[in-house]
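# Observations on chain architecture
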Amino acid sequence: MNFNLDKIPERTKQPRSFGITMVTDKGLSLQDTKDFLSVSSAHVDMVKLAFGTAYVTPNLDEKIKVYQSYNIPVYFGGLLLEAFIIRSQFDDYIDVVKKYGINYFEVSDGSLSIPHAEKCGYIEKLAKLGTVLSEIGSKDKDREHITPPYKWIELIKAELSAGSEYIIAEARETGNVGLYRDSGEVREGLVQEILTQVSGEKIIWEAPRKDQQLYFLDLMGCNANLGNIAYNEVISLEAMRVGLRGDSFHFYLDGTK
């Protein structure tokens, strides 16, 4: 850091196994990517090329290499895998990730209805090639069929057993599905129940909104895993993590967090 301050909580160091900040790249240009990383790379642990943007992004190979030059894992959004699966092109997906030197994979079922046993099968196959992040909660966008906490826990445990390194708790870019109510308010009972059964270090909580990020930092401390962070909010999030933003200013001063 640039100078000394007392009572700043200790952040995990890169490469982090927890305390992760996962950034969503929705289409940064090559130059924007370089500029972003020149400022924020020390606070970025994973980058997702959102949904199917990798298919239409110019200079994709160069862009991926820029991220990799900073030793930041980059991966395709889960929707792109679903697009390959629905077209019976899973083997083609494997060829694509190998072509670009990608060894992180997101497995989701947000747009495509995949039987859970089949989803776990994809997790098992991809875990042999690298690190799998599997997403849970997308089905809760259908407000008539909210997944109860016990089912979240059941799915999480099954996907970790299948080979997922991390579970992504879904929020989408809007921050009002999965973990959250329509208003964006955290389903606190869901979160608390999950944490009675699963280590928080294994869950990346999608938290695109500041109030959502603050909730998990207040609950779990500065090293909560947070995802779906906008590239231009990484520095402000890092400041909030260590108590240097108004919302978190008093978090660590009495030594209780």
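Coordinates for the structure precede this section.
A few points on the structure.

What counts, and where the lines are drawn
- Residues numbered from 1 in each chain as written.
- Predicted model: local features only at pLDDT ≥ 70, side-chain atom pairs only at ≥ 80, totals over all residues.
- Heavy atoms only, no water.
- Helix = DSSP H or I, 4+ residues; strand = E, 2+ residues; numbered from the N terminus.
- Rg over C-alpha atoms; globule rule 2.2 N^0.38 Å.
- Buried < 20%, exposed > 50% of the residue type's maximum accessible area, 1.4 Å probe, protein only.
- Contact = heavy atoms within 4.5 Å.
- Pairing = 2+ DSSP bridges.
- Axes fitted to C-alpha atoms, helices over the stretch in contact; angles between N-to-C directions.
- Salt bridge = Lys/Arg side-chain N within 4 Å of Asp/Glu carboxyl O.
- Arc of directions from axis to C-beta.
- 1 Å grid on protein atoms, 1.4 Å probe; cavity = no way out; pocket = protein on both sides within 12 Å on 5 of 7 lines; lining within 4 Å.
- Points joined across faces, edges and corners; volume = space filled by probe spheres on them.
- Patch = residues over 30% accessible without salt bridge, like charges linked within 9 Å, V, L, I, M, F, W, Y side chains within 5 Å.
- Areas by Shrake-Rupley, 256 points an atom, 1.4 Å probe, with all protein chains shown as cover.

## Quick notes on the overall build of the protein
For the protein, the count of helices and strands is 10 helices and eight strands. For the protein, the C-alpha radius of gyration of 18 Å lies close to 18 Å, the compact-globule estimate for 257 residues. Each of the 257 residues in the protein was classed as buried or not, and the buried ones make up 52%. Across the protein, every contact between residues at least 6 apart in sequence was considered, and the portion connecting residues at least 24 apart equals 71%.

## Notes on the sheet that holds strand S5 (residues 131–136)
Pairing is parallel across the open sheet formed by eight strands, whose spatial order is S3-S2-S1-S8-S7-S6-S5-S4. Here the strands that pair on one side only, and so sit at the sheet edges, are strand S3 (74–76) and strand S4 (104–107). The average angle at which neighbouring strand axes cross in this sheet is 30°, direction not considered. The strands that helix H3 (residues 60–69) touches are strand S1 (21–25), strand S2 (46–49) and S3; relative to S2, the one it contacts most, it runs at about 165°. Each of S5 and strand S6 (164–169) touches helix H7 (residues 149–162); the most contacted strand, S6, lies at about 150° to it.

## Digging into the pairing of S1
Within S1, five of the five residues are buried, leaving the element largely enclosed by the surrounding structure. Burial along S1 is two-sided: Thr21, Val23 and Asp25 facing one way and Met22 and Thr24 facing the other are all buried. Relative to strand S8 (residues 226–230), S1 runs parallel, the two being bridged by three bridges. Its bridge partner being in S8, Thr24 is matched across the sheet by Ala230. In this sheet, S2 lies alongside S1 in parallel orientation, the contact comprising four bridges. What sits directly across from Val23, in S2, is Val47.

## A word on the environment of Tyr215
On the secondary structure map, Tyr215 appears in helix H9 (residues 210–220). Tyr215 gets classed as buried once you look at its relative accessible area, which sits at 15%. On a C-alpha basis, the gap between Tyr215 and Thr12 in space is 19 Å, while along the polypeptide they are 203 residues apart. When neighbours within four sequence positions are excluded, Tyr215 is seen to be in contact with Val186, Glu188, Val191 and Gln192.

## With respect to the side chain of His43
Counting through the fold element by element, His43 comes out in the loop between helix H1 (30–40) and S2. Apart from residues lying up to four places away in sequence, His43 is in contact with Met1, Gln14, Arg16, Thr21, Val234, Ile235 and Glu238.

## Digging into the pattern of salt bridges
Following the criterion strictly, the structure yields 14 salt bridges and no others. Notably, a salt bridge pairs Glu185 with Arg181, separated by 3.7 Å at the nearest N-O pair. Relative accessible area serves as the criterion here: at 44%, Glu185 is assigned to the partly exposed category. Here the residues in one salt-bridge network are Arg11, Glu238 and Arg241, joined through shared partners.

## A short note on H1
Taken together, the buried positions of H1 are Leu30, Thr33, Phe36, Leu37 and Ser40. The buried residues of H1 occupy one face: seen down the axis, they fall within an arc of 125°. Turned more than 90 degrees away from the buried face of H1, the exposed residues are Ser38 and Val39. As for H1, its buried residues are in contact with S1, H3 and helix H10 (234–241).

## Describing the layout of surface pockets
The calculated volume of the largest pocket comes to roughly 650 Å³. Lining the largest pocket are 20 residues, with Met1, Ile8, His43, Glu238 and Val242 positioned closest to its centre.

## As for a nonpolar patch on the surface
Taken together, the side chains of Phe3, Leu5, Ile8 and Leu244 define a hydrophobic patch exposed on the protein surface, amounting to about 400 Å² of accessible area. Residue position: Phe3 is located in the segment before S1. The class for Phe3 is exposed, based on a relative accessible area of 65%.

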